[in-house]
Amino acid sequence: MTAPTSRPTARSADLFARASAVTPGGVNSPVRAFGAVGGTPRFIASAQGAWLTDVDGNEYVDLVGSWGPMLLGHAHPEVIEAVQAAVARGTSYGTPTEPEVLLAEEIVARTPVERVRFTSSGTEATMSAIRLARGATGRDVVVKFAGCYHGHVDALLASAGSGLATFAVPGTPGVPQSATDLTMVLPYNDRAAVERVFAEHGDRIACVITEATPGNMGVVNPEPGFNAFLAATCAAHGALFVSDEVMTGFRATKRGGWGLDGAVEGWVPDLMTFGKVMGGGLPAAAFGGRADLMGLLSPEGPVYQAGTLSGNPVATTAGLTTLRLATDEVYAHVDAVATTISEAASAALGEAGVPHLVQRAGTMFSIFLLEQGSTLTAVRDFDEAGRQHLPAYAAFFHAMLDAGVHLPPSAYEVWFCSAAHDERAVQHVLAALPAAARAAAATYGSPA
Ligand SMILES: Cc1ncc(COP(=O)(O)O)c(C=O)c1O
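Residues numbered from 1 in each chain as written. Predicted model: local features only at pLDDT ≥ 70, side-chain atom pairs only at ≥ 80, totals over all residues.

Considering the overall build of the protein
Argument step 1. Per the secondary structure count, the protein includes 14 helices and 16 strands.
Argument step 2. A principal-axis box enclosing the C-alpha atoms of the protein has dimensions of 60 × 55 × 45 Å.
Argument step 3. Of all 448 residues assigned to the protein, the portion counted as buried reaches 54%.
Argument step 4. Within the protein, contacts between residues at least 6 apart in sequence are counted, and of these 75% link residues at least 24 apart. (Helix = DSSP H or I, 4+ residues; strand = E, 2+ residues; numbered from the N terminus. Buried ≥ 20, exposed ≤ 12 C-beta atoms within 10 Å, placed from the backbone. Contact = placed C-beta atoms within 7 Å.)

Below you can see the structure in the form of structure tokens.
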């Protein structure tokens, strides 16, 4: 699939061809390759505030935000200054450092976790949280939900064919069946499936892991009380409740996804994972939880976990500076921008006759472009998230890109706004929406 564009893309196309020769698919993380929407991925040369500039000199309002981290916008002057100063002091020592302590204290202050351990990626954080859950409970089975992504951990790259509780099959070649034999995948928001799996396997379940509010199948909200139900069910069976906040943490609200329900309802996950915003655009992630559980980690306890660059002083400085700048005013602004853009997108799609749903979780939102005649009133699980008219999103995406707005290149992703999305950036997005909505509308009737 190639997409016509009125903008110059020769340098991006050339780099993509060269990249494809030396890197699989030309990218270092699959979604960047534009596989779901076709066309040439734009190679970005620089970014400032809400704007990206590609190697051909095109400018785009960015609604990807590096897939979540850039809450403050790109190249925030105070973050850059702090990072430059940290780099000048040396990039890594392999010893404990002060920024690690300060960032850990900041995370503990904002969330219900009592202690944290840093890693370099969200994948490592969820992998380590599961190891700790297994070590703490002496049990092996992990329960996850279809459509929730927790990084490319072997045991979590699994899907189940049916909507029933089944042991998982690997979601990719290279993951042995034995790695997922201990993973069970359930439909999201399905309390009956959770009850059934605990009734049948309760004494073998180490943990339930879920995204606090799923964002990796588009935004899919937990039904009211669903996370509380998971926490209570785990507690009743001696299993741990692991809330993955790599995406939602310090992003959906100041207190992450937990700020939307747990902080209000009064329950606390046993373990949590964080990433993205807390690294301020550099590789930093973390897992944390109850002090007694975290005390089981090496060197205090027997569960081994480590990392050469974990808690790296430059990355933790970027994260710390970002979190300190992420004030109530920042969240209020990002929230207002998300409201303006999502409402305008919905109005434009409605005007063009495109059936769609907008789903929100704090400052995060995504838009599902549905099949003609769809009767869905909310997307509640992965199966329903799949009921989209994908050609409509591809056309919408490319019309926006052509007009200078970079949306996520997949229909299953969150649109991320930032504190740097000012009036000029927002108006630029709004101006692009009607034509993009008409381009999406024109795809109905074409094969899905
Ligand atoms: C909820 C969630 N967990 C874990 C991960 C994995 O994080 P990373 O890509 O840093 O390994 C992601 C990445 O998108 C995520 O969204």
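Some remarks on the sheet that holds strand β3 (residues 59-62)
Backbone-to-backbone hydrogen bonds join strands into a sheet, with any given pair of strands oriented parallel or antiparallel.
Argument step 1. Judged by pairing direction, the sheet is mixed, and its four strands sit side by side in the order β1-β2-β3-β16 without closing on themselves. With one partner strand each, in any of the chains shown, β1 (44-48) and β16 (405-406) form the two edges of the open sheet.
Argument step 2. Across three bridges, the pairing between strand β2 (residues 51-54) and β3 is antiparallel. Pairing of Thr53 across the sheet is with Glu59, part of β3. (Pairing = 2+ DSSP bridges.)

Some remarks on the site of the ligand
Argument step 1. Taken together, 15 residues are adjacent to the ligand, and Ser121, Gly122, Thr123, Gly151 and Val246 come closest.
Argument step 2. Taken together, the residues of the shell around the ligand sort by class into five nonpolar, eight polar and two charged. (Near = placed C-beta within 6 Å. Nonpolar A, V, L, I, M, F, W, Y, C, P; charged D, E, K, R; others polar.)

Notes on the nonpolar core
Argument step 1. Counting residues in hydrophobic clusters, the biggest one holds 137 residues, and the most contacted among them are Ala133, Cys207, Leu240, Phe396, Ala437 and Ala440.
Argument step 2. Each of two domains, domain 1 (10-71 + 327-441) and domain 2 (79-325), supplies a minimum of three residues to this core.
Argument step 3. Apart from residues no more than four positions distant in its own chain, Ala437 is found in contact with Ala348, Leu349, Glu351, Ala352, Val354 and Phe396. (Core = buried A, V, L, I, M, F, W, Y, C linked by C-beta atoms within 7 Å. Domains from an automatic or database assignment.)

Digging into the packing of helix α11 (residues 328-352) against helix α14 (residues 423-441)
To characterise two packed helices, one gives the angle between the axes of the helices and the distance between these axes.
Argument step 1. Running from N to C, α11 and α14 cross one another at 30°; their axes reach a closest spacing of 8 Å. Comparing the axis directions of α11 and α14 gives the class roughly parallel. In this structure, the crossing between α11 and α14 has a hand that is right-handed. Facing α11, whose interface residues are Val337, Thr340, Ile341, Ala344, Ala345, Ala348, Leu349, Glu351 and Ala352, α14 presents Val426, Val429, Leu430, Leu433, Pro434, Ala437, Arg438, Ala440 and Ala441.
Argument step 2. Split by residue class, the contact of α11 with α14 holds 15 nonpolar, one polar and two charged. (Axes fitted to C-alpha atoms, helices over the stretch in contact; angles between N-to-C directions. Parallel < 35°, antiparallel > 145°, perpendicular 65-115°, else oblique. Left-handed = near helix turned anticlockwise from the far one by under 90°.)

Description of the domain arrangement of the protein
Argument step 1. We note that the domain assignment places domain 1 (10-71 + 327-441) and domain 2 (79-325) within the protein.
Argument step 2. Using only C-alpha atoms to locate each centre, domain 1 and domain 2 end up separated by 26 Å.
Argument step 3. On the side of domain 2, 30 residues touch domain 1, which itself brings 27 residues to the contact.
Argument step 4. Among the elements of the structure, α11, β14 (356-361), β15 (364-369) and α12 (382-385) are those that each provide at least two residues to the side of domain 1 that touches domain 2.
Argument step 5. If you tally residues by element for the side of domain 1 that touches domain 2, the top one is β15, at four residues.
Argument step 6. Its residues placed into classes, the side of domain 1 that touches domain 2 shows 14 nonpolar, seven polar and six charged.

Observations regarding the pairing of strand β5 (residues 141-145)
Side-chain direction in a regular strand flips from residue to residue, so the side chains alternate between the two faces of the sheet.
Argument step 1. Across the five residues that make up β5, a large majority, five, are buried.
Argument step 2. Neither face of β5 is exposed, since Val141, Val143 and Phe145 on one face and Val142 and Lys144 on the opposite face are all buried.
Argument step 3. In this structure, β5 lies alongside strand β10 (residues 205-211), joined through three bridges in parallel fashion. Each bridged residue has a counterpart across the sheet, and for Val141 the counterpart in β10 is Ile205.
Argument step 4. Note that β5 and strand β9 (residues 183-186) share four bridges and pair parallel. Paired with Lys144 across the bridge in β9 is Val185.

Some details on the UniProt feature "modified residue: N6-(pyridoxal phosphate)lysine" (unreviewed entry) in the protein
Argument step 1. If you check UniProt for "modified residue: N6-(pyridoxal phosphate)lysine" (unreviewed entry), the listed places come out as Lys276 in our numbering.
Argument step 2. The topology assignment puts Lys276 in the loop between β12 (271-274) and β13 (285-289).
Argument step 3. For Lys276, the residues in contact, after removing those within four places along its chain, are Gly68, Pro69, Val246, Met247, Gly249 and Arg251. (UniProt positions renumbered as here; feature names shortened; annotations may be inferred.)

Examining the confidence of the model for the protein
Argument step 1. Predicted confidence across the protein gives a mean pLDDT of 95, with 96% of residues reaching 70 or more.
Argument step 2. Low pLDDT, under 50, characterises residues 160-166; the predicted model gives this stretch 13 contacts beyond four residues in sequence or across chains. (pLDDT = per-residue confidence, 0-100.)

Details of the environment of Ile130
Argument step 1. Within the secondary structure, Ile130 sits in helix α4 (residues 122-137).
Argument step 2. With 26 C-beta atoms packed within 10 Å, Ile130 lands in the buried category.
Argument step 3. Note: C-alpha distance between Ile130 and Gly25 (105 residues apart in sequence) is 30 Å.
Argument step 4. In contact with Ile130, other than residues within four places in its own chain, are Val142, Ala155, Cys207 and Ile209.

Some details on helix α6 (residues 191-201)
Argument step 1. Taken together, the buried positions of α6 are Val194, Val197 and Phe198. Looking down the long axis of α6, one finds its buried residues gathered within 95° of arc, a one-sided arrangement. Counted as exposed and oriented over 90 degrees from the buried face of α6: Ala192, Ala199 and Glu200.
Argument step 2. Tucked into the core, α6 has its buried residues touching β5, β9, β10 and α7 (226-237). (Arc of directions from axis to C-beta.)

Concerning the packing of helix α2 (residues 77-88) against helix α10 (residues 313-325)
Argument step 1. It is at 9 Å that the axes of α2 and α10 come closest, and there the two elements cross at 155°. On the basis of their axis angle, the class for α2 and α10 is roughly antiparallel. Crossing hand, α2 versus α10: right-handed. Each of Glu78, Val79, Ala82, Val83, Ala86 and Val87 in α2 lies in contact with α10, whose residues at this interface are Pro313, Val314, Thr317, Ala318, Thr321, Thr322 and Leu325.
Argument step 2. Of the residues in the contact of α2 with α10, the class split is nine nonpolar, three polar and one charged.

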